[in-house]
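For reference, the chains in residue letters:
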Amino acid sequence: MPLTTPAIPARPGPPLVPALLAAAHGGPALAVTAVAGLLALRADLRPFDAVAVTAAVFTGQLTIGWGNDLLDLRRDRAVGRTDKPLAVGALPVSRVVPALLVAALACLVLSALTDWRSALVNATLATGAGHAYNLGLKATVWSWAPYACAFGTLPSVVTLADPAQGWAPLWMAGAGAALGVGAHLLNTLPDLADDERTGVRGLPHRLGERRSRVLASVLLPAASLLAVLGPAGTPRAWAWAAVAVVIVLAVLTLVAHGRTPFRAAVAIALVDVVLLVAAG
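Residues numbered from 1 in each chain as written. Predicted model: local features only at pLDDT ≥ 70, side-chain atom pairs only at ≥ 80, totals over all residues. Heavy atoms only, no water.

This part takes up the side chain of D76. Note that D76 resides in helix α4 (residues 73-78). Classification of D76 by relative accessible area gives buried; the value is 6%. Looking at D76, its side chain comes within polar contact range of the side chain of K84, at 3.2 Å. Setting aside anything within four residues of it in sequence, one finds D76 in contact with D69, R81, K84 and A87. (Helix = DSSP H or I, 4+ residues; strand = E, 2+ residues; numbered from the N terminus. Buried < 20%, exposed > 50% of the residue type's maximum accessible area, 1.4 Å probe, protein only. Polar contact = N/O pair within 3.5 Å; in protein donor to acceptor, adjacent residues only side chain to side chain. Contact = heavy atoms within 4.5 Å.)

So this is what it looks like as structure tokens:
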């Protein structure tokens, strides 16, 4: 049976900018942007290139979030999502579509201002992977692949912004991919039932809640170990202390509920980036 979109009367909502940020999944978008900024510091980019590539990642993340909420509008209304401004009528579609187009153009221009290789990787493998997820992969067993691709190539989006540098090391790409898949598994858990009702069955839905949690709790510390053991030289004591913190956060992903496991995954990502910056 096709989904129907209940008529949602427009009602007063938050100011435009906060509403747009909420519709763009502002928290995760800002977290990914912070990761890109810290990676830019590690890569020793020129200040202009560092700012441009970080802004390119941010605007790309905005397009992914807005695209997700636009494409899922009928599903979100069908299951009664009250946390999304578009779904409850607090933010009109007519405001989101132009914002998405402006952000997409900004993403391309900002990437191209640094180096064409960074622009190409960002458009196709990083930001592009997020849109592939929105456009259909989220409902298949391959739902994890866009996350692995986007997070795995994010370090290279940064390093390729410098014409003198090449692709990021494989261990760094592996750490990013493991983080991305772990975050995907945990981010989906609170919405498993609603997704099933609307025909979305990605990898976490097929694995089930318990197995998804267990797999995520393995992938996230694995990413941290790659961040510690990947760089040349002997890891320092504080690096192992950081791994211990990550393990505690990974345990939290097993026992917590709601959005807390995903927030723990974001915290692990930031710890890992600190490890990468220190290694640089």
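So that's the structure; there's more coming.
Glancing now at the nonpolar core. One finds L45 and L154 to be the most contacted residues of the largest nonpolar core, which totals 28 residues. Among the elements of the structure, α2 (26-42), α3 (47-71), α7 (116-134), α8 (144-159), α9 (170-188), α12 (209-229), α13 (237-255) and α14 (260-279) are those that each provide at least two residues to this core. Discounting residues that sit within four places of it in the chain, L45 has contacts with A40, A50, V53, V158, A161, D162 and Q165. The next biggest cluster of nonpolar side chains, apart from the first, holds 22 residues, and it includes A216, V246, A265 and I268. (Core = buried A, V, L, I, M, F, W, Y, C linked by side-chain atoms within 4.5 Å.)

Together, F48, L105, V109 and L113 give the surface a local cluster of nonpolar side chains, amounting to about 390 Å² of exposed area. Ranked by residues supplied to the nonpolar patch, first place goes to helix α6 (residues 93-114) with three residues. Position of L113 among the secondary structure elements: in helix α6. (Patch = residues over 30% accessible without salt bridge, like charges linked within 9 Å, V, L, I, M, F, W, Y side chains within 5 Å. Areas by Shrake-Rupley, 256 points an atom, 1.4 Å probe, with all protein chains shown as cover. Salt bridge = Lys/Arg side-chain N within 4 Å of Asp/Glu carboxyl O.)

Let us now look at the side chain of S217. In this fold, S217 is placed in helix α12. Within the structure, S217 has its side chain in polar contact with the backbone oxygen of V214 (distance 2.7 Å). Among all residues touching S217, those that are not within four sequence positions of it are A250, T253 and L254.

It is worth spelling out empty space enclosed by the protein at this point. The gaps left among the atoms become clear once a water-sized probe is rolled over them. Within the structure shown, the criterion is met by one cavity of 30 Å³ or more. Looking at the largest cavity, the residues that line it are L39, R42, A43, P155, V158, T159 and M172. Listed by contribution, the elements that provide at least two residues to the lining of the largest cavity are α2 and α8. For the lining of the largest cavity, the element with the highest residue contribution is α8, accounting for three residues. Grouping the constituent residues of the lining of the largest cavity by class yields five nonpolar, one polar and one charged. (1 Å grid on protein atoms, 1.4 Å probe; cavity = no way out; pocket = protein on both sides within 12 Å on 5 of 7 lines; lining within 4 Å. Points joined across faces, edges and corners; volume = space filled by probe spheres on them. Nonpolar A, V, L, I, M, F, W, Y, C, P; charged D, E, K, R; others polar.)

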